[in-house]
Amino acid sequence: MAGSFIVFEGGEGAGKSTQEALLAQWLQSHGQTVVRTREPGGTPAGEAIRTVLLSNEYTGLTDRAEALLFAAARGEHAAQVIRPALESGAIVVCDRYLDSSVAYQGYGRNLGADYVRNLSLWATQDLVPNLTVLLDVDPTVGLSRVQSPDRLESEPIGYHQRVRQAFIDIAGSDPQRYLVIDANQDKDSIAEQIRRRVAGLLGIA
Ligand code: TYD
């Protein structure tokens, strides 16, 4: 495909949104067409699914229904937003994607990494990022930055620790496609490390 697909992943309070915005601005200042998006969400149906997934109203949602809803939203998002943008040559910068499901549902909920990954691959017709930036933070530090916890942020610390380890293991298995960053560093230094890697990926100065 003509464009490039860059994803930000990490636990709660890792600073993904800040870094995603900084990278998008930098890419635009280099004349790139950037499409910024996020999961769950990115389409009207996806945003509606997001509301169900994050609302504290649905605390009884089963783990499998949760996994299916994330995958459903992702399928919509890939077909309606990400793939068309990539085909038009844009750089898609996305806050969370498939690895969030593997980490949160596969490992956090113990649903099985392979099932969860294959479900999302089926939903997206095998659309995977060119680069994933993992912002790694200790969940006790990350969660302390969260103001009003949503349904998933309210899970016990052990859940968030499984999620953190899962992200580290996933990234470690394919260093070509992942950049792992210690999110305790200052914001500008993190942004610079990300820019350097993305510049290499896209062949820009
Ligand atoms: P996010 O938008 O990053 O939350 P916030 O804006 O509050 O930081 O992500 C929403 C939540 O959904 C987050 O707790 C992670 C979770 N999530 C999953 O459990 N599975 C998934 O596949 C995705 C995309 C997110």
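Quick caveat, the model's predicted, so the values are computed rather than measured.

Rules behind the numbers
Residues numbered from 1 in each chain as written. Predicted model: local features only at pLDDT ≥ 70, side-chain atom pairs only at ≥ 80, totals over all residues. Heavy atoms only, no water. Pairing = 2+ DSSP bridges. Helix = DSSP H or I, 4+ residues; strand = E, 2+ residues; numbered from the N terminus. Axes fitted to C-alpha atoms, helices over the stretch in contact; angles between N-to-C directions. Contact = heavy atoms within 4.5 Å. Near = heavy atom within 4 Å. Polar contact = N/O pair within 3.5 Å; in protein donor to acceptor, adjacent residues only side chain to side chain. Areas by Shrake-Rupley, 256 points an atom, 1.4 Å probe, with all protein chains shown as cover. 1 Å grid on protein atoms, 1.4 Å probe; cavity = no way out; pocket = protein on both sides within 12 Å on 5 of 7 lines; lining within 4 Å. Sits in = over half its atoms within 2 Å of the grid points. Nonpolar A, V, L, I, M, F, W, Y, C, P; charged D, E, K, R; others polar. Salt bridge = Lys/Arg side-chain N within 4 Å of Asp/Glu carboxyl O. Buried < 20%, exposed > 50% of the residue type's maximum accessible area, 1.4 Å probe, protein only. Points joined across faces, edges and corners; volume = space filled by probe spheres on them.

Take the sheet that holds strand β1 (residues 4–10) next. Read from one edge to the other, the open sheet built from five strands follows the order β2-β3-β1-β4-β5, with strand pairing classed as parallel. Bordering the open sheet on either side are β2 (34–38) and β5 (178–182), each of which pairs with just one other strand. Pairwise comparison of adjacent strand axes, ignoring direction, gives a mean angle of 20° for this sheet. Packing against the sheet, helix α3 (residues 63–87) makes contact with β1, β2 and β3 (91–95), and its axis sits at approximately 160° to β2.

Close contacts around the ligand come from 16 residues, with E12, R74, R96, S101 and Q105 the closest. The separation between an oxygen atom of the ligand and a polar side-chain atom of E12 is 2.7 Å. With respect to the ligand, the side chain of Q105 contributes an N or O atom lying 2.8 Å from a nitrogen atom. Here the ligand loses 87% of its free accessible area of 550 Å² to cover by the protein chains. A molecule is said to occupy a pocket when more than half its atoms come within 2 Å of that pocket's grid points, and by this definition the ligand occupies the largest pocket. Looking at the shell around the ligand, the elements that each hand over two or more residues are α2 (44–54), α3 and α4 (98–108). When residues of the shell around the ligand are assigned to their parent elements, the largest contribution, four residues, is made by α4. Split into classes, the residues belonging to the shell around the ligand amount to five nonpolar, three polar and eight charged.

Pairing is possible between side chains that carry opposite charge, provided their charged atoms lie close to one another. For the structure shown, the criterion picks out eleven salt bridges. Residue K16 is joined to D95 by a salt bridge in which the shortest nitrogen-to-oxygen separation is 2.7 Å. Of this pair, K16 sits in helix α1 (residues 16–29) while D95 is found in strand β3, placing the two residues 79 residues apart along the sequence. With relative accessibility at 10%, the residue K16 sits in the buried group. Because the salt bridges share partners, they merge into one network encompassing D63, E66, R109, R151 and E155.

A word on empty space enclosed by the protein. Throughout the structure, instances matching the rule amount to two cavities of 30 Å³ or more. The space that makes up the largest cavity amounts to roughly 70 Å³. Considering the residues around the largest cavity, the lining is formed by G11, E12, V137, P139, G142, L143, H160, V163 and R164. Those elements that provide at least two residues to the lining of the largest cavity are α6 (139–144) and α7 (157–172). For the lining of the largest cavity, the residue count by class is four nonpolar, three polar and two charged. Of the volumes computed, that of the second largest cavity is approximately 40 Å³. Lining the second largest cavity are G10, G11, L134, L135, D136, V137, R164 and F167. Among the secondary structure elements, those contributing two or more residues to the lining of the second largest cavity are β4 (131–136) and α7. Looking at the lining of the second largest cavity, the element that brings in the most residues is β4, giving three residues. Tallied by class, the residues present in the lining of the second largest cavity amount to four nonpolar, two polar and two charged.

What follows is about the layout of surface pockets. In this structure, the largest pocket encloses a volume near 520 Å³. Per element, the largest residue contribution to the lining of the largest pocket is four residues, and it comes from α4. Looking at side-chain class alone, the lining of the largest pocket contains eight nonpolar, ten polar and eleven charged residues. Taken as a whole, the second largest pocket encloses approximately 210 Å³ of empty space. Residue lining of the second largest pocket: 14 residues in total, with D99, R117, V128, R177 and Y178 positioned closest to the centre. Looking at the lining of the second largest pocket, the elements that each hand over two or more residues are β1 and α4.

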